[in-house]
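Coordinate analysis (summary)
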Amino acid sequence: MFESKGSNAPVSEGQTYDVKIEDTAKKGDGIARIEGFVIFVPGTKVGDQVKIQVETVKRNFAVAKVVT
């Protein structure tokens, strides 16, 4: 049986989470972490408290969007 991408990630595609943006990536995206796992959140800045929905989970990171 094949392991899916992100199988060791503490987040799942389509799920929502409440996070705090802790850092900024080189390209300007906000970075949140869940259990140390990096989540890129475009359109955010350090200090933002946001609800996110995970769109893509890769082996070492995820990408999410802000939802209301």
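Residues numbered from 1 in each chain as written. Predicted model: local features only at pLDDT ≥ 70, side-chain atom pairs only at ≥ 80, totals over all residues. Heavy atoms only, no water.

- If you look the protein up in an unreviewed UniProt entry, it shows as RNA-binding protein, contains TRAM domain protein from Methanocella conradii.

Observations concerning unusual backbone geometry
- For Glu35, which is not glycine, the phi dihedral falls at a positive 55°.
- Relative to the helices and strands, Glu35 is located in the loop between strand 3 (30–34) and strand 4 (37–41). (Helix = DSSP H or I, 4+ residues; strand = E, 2+ residues; numbered from the N terminus.)

Considerations on the pattern of salt bridges
- In total, this model carries 2 salt bridges according to the counting rule given.
- Between Glu22 and Arg33 there is a salt bridge; the shortest N-O distance is 3.2 Å. Of this pair, Glu22 sits in the loop between strand 1 (16–20) and strand 2 (23–24) while Arg33 sits in strand 3, and the two are 11 residues apart along the sequence.
- Lys45 serves as the salt-bridge partner of Asp48, at 3.4 Å between the closest nitrogen and oxygen.
- The exposure class of Lys45 is exposed, given its relative accessible area of 54%. (Salt bridge = Lys/Arg side-chain N within 4 Å of Asp/Glu carboxyl O. Buried < 20%, exposed > 50% of the residue type's maximum accessible area, 1.4 Å probe, protein only.)

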